[in-house]
Amino acid sequence: MKRSILITGGAGFIGSHVVRLFVRKYPDYRIVNLDKLTYAGNLANLSDIEQAPNYTFVRGDICDLELMRELFRRYAIDGVIHLAAESHVDRSIHDPFTFARTNVMGTLTLLQAAREAWENAWEGKLFYHISTDEVYGALPASGGLFSETTRYDPHSPYSASKASSDHFVRACHDTYGMPTVVTNCSNNYGPYQFPEKLIPLFINNIRHRRPLPVYGRGENVRDWLYVEDHARAIDLIFHRGHPGETYNIGGFNEWRNIDLVRLLVRTVDRMLGNPEGYSEELITFVTDRPGHDLRYAIDSSKLHRELGWEPSLQFEEGIERTVRWYLDHQEWMDNITSGEYEKYYEAMYGGR
Ligand SMILES: NC(=O)c1ccc[n+]([C@@H]2O[C@H](COP(=O)([O-])OP(=O)(O)OC[C@H]3O[C@@H](n4cnc5c(N)ncnc54)[C@H](O)[C@@H]3O)[C@@H](O)[C@H]2O)c1
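Novice: So what about the state of the cysteines? Which residues, and what values?
Specialist: Counted under the stated rule, the structure contains 0 disulfides. No disulfide involves Cys-63; its sulfur sits 15 Å from that of Cys-172, the nearest cysteine. Residue Cys-63 is classed as partly exposed on the basis of its relative accessible area, which comes to 21%. Residue class for Cys-172 comes out buried when judged on its relative accessible area of 7%.

Here it is in structure tokens:
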């Protein structure tokens, strides 16, 4: 094998796209997917590649230092793409400790195992940490973009935990000379996203004629990127990014939440053959999330300029594809929402 790469969190939303891309594109790489299979991890996301000869799945926790050491030894890992995390802001408000444990201590544990395995032989190694634009805090309603040098100013327990993990990764570069890269990406959307997140949740709610709860007046603005474009950026940066650097990844594609929800309503109604405006009445405004940042928008020009990355999809086209995928994969959705997949794990792994 030419390379041996540990991808963490590969059974989650973005991780499953990264694993699929690497397994298919690099048959001469060994891809080890390490995932704890929390509520957000779902091996059905990878059913199309699970038999590939260059793919190995290991169930485990990034906080388990002995297991991490063992994986570096057993598979002679020379690259890490670290996506495993608790990722849902609303959950972090109710349970910040779990976020600190996995996102901060888990990342530090993985860094420790990488350092022990690689120290004094850094050549050809890379620890690539996937992070979020939420670490930068909030922007005013209009004007301004987050750049790689924007000061960190996290507001939610989720973004605070990701900010902390980013700092530990950079500290390992600056202190020990570990080759590291950090990328901060905007909101992803596309197939296989756990239906607690806005886009799959609302597509499913429209299908079942359930309310569409929009925080505040829906004025919050987010930049959206199709998940496969993120996976392509990760591939490019893993191979061509410069150690010690940070790259922002975004779509230059800002949407107010309410406009996005209306686009979803229009698209789902059209695909289901409903009359125009049929599901608009499902939109309900609910009390705003505490600490809800008004606007995120990312300047990814460094990535465009230095590595030549471009997103491949326009947003309307990406939404079209995404809605089509969820409507065509109702079984995937129903398995999650009905708890069927919990039974599958119970049978395979004796529960979570
Ligand atoms: N979703 C987004 O829009 C977005 C945007 C920017 C950055 N990110 C970052 O990308 C990464 C992946 O996000 P996602 O949306 O795919 O998340 P996700 O919640 O869909 O997946 C996370 C995965 O990590 C696994 N995991 C959780 N705790 C673990 C632990 N202790 N040990 C091993 N595995 C564990 C889960 O089982 C799951 O498979 C995260 O680091 C997140 O912060 C996400």
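Novice: So what's going on with the packing of helix 10 (residues 315-328) against helix 11 (residues 330-337)? Which residues, and what values?
Specialist: Packing of helix 10 against helix 11 leaves a shortest axis separation of 5 Å and a crossing angle of 70 degrees. Overall, the two elements helix 10 and helix 11 adopt an arrangement that is roughly perpendicular. Of helix 11, the residues touching helix 10 (which contributes Trp-325, Tyr-326, Leu-327 and Asp-328) are Gln-330, Trp-332 and Met-333. Class assignment of the residues belonging to the contact of helix 10 with helix 11 gives a composition of 5 nonpolar, 1 polar and 1 charged.

Novice: Can you explain the side chain of Asn-188? Please cite residues and give values.
Specialist: Along the chain, Asn-188 falls in strand 7 (residues 187-189). Among the polar contacts made by the side chain of Asn-188, one reaches the main-chain carbonyl oxygen of Ser-186 at a distance of 2.9 Å. Among the polar contacts made by the side chain of Asn-188, one reaches the side chain of His-230 at a distance of 2.7 Å. Those residues in contact with Asn-188 that sit more than four places away from it in its chain are Phe-13, Ile-14, Gln-193, Trp-224, Leu-225, Val-227 and His-230.

Novice: How would you sum up the pairing of strand 5 (residues 126-132)? Please name residues and give values.
Specialist: When you tally the buried positions in strand 5, you get 7 out of 7 residues, the bulk of the element. The two faces of strand 5 match: Leu-126, Tyr-128, Ile-130 and Thr-132 on one face and Phe-127, His-129 and Ser-131 on the other face are all buried. Pairing of strand 4 (residues 79-82) with strand 5 involves 4 bridges; the strand directions are parallel. Pairing of His-82 across the sheet is with His-129, part of strand 5. Judged from the 6 bridges that link them, strand 5 and strand 6 (residues 180-185) form a sheet pairing that is parallel. Paired with Phe-127 across the two strands is Thr-180, which belongs to strand 6. In terms of handedness, the path from strand 5 via helix 5 (residues 157-176) over to strand 6 forms a crossover that is right-handed.

Here is what the cut-offs are and how they apply
Residues numbered from 1 in each chain as written. Predicted model: local features only at pLDDT ≥ 70, side-chain atom pairs only at ≥ 80, totals over all residues. Heavy atoms only, no water. Disulfide = S-S within 2.5 Å. Buried < 20%, exposed > 50% of the residue type's maximum accessible area, 1.4 Å probe, protein only. Axes fitted to C-alpha atoms, helices over the stretch in contact; angles between N-to-C directions. Helix = DSSP H or I, 4+ residues; strand = E, 2+ residues; numbered from the N terminus. Parallel < 35°, antiparallel > 145°, perpendicular 65-115°, else oblique. Contact = heavy atoms within 4.5 Å. Nonpolar A, V, L, I, M, F, W, Y, C, P; charged D, E, K, R; others polar. Polar contact = N/O pair within 3.5 Å; in protein donor to acceptor, adjacent residues only side chain to side chain. Pairing = 2+ DSSP bridges. Right-handed = clockwise from strand over helix to strand, strands pointing away.

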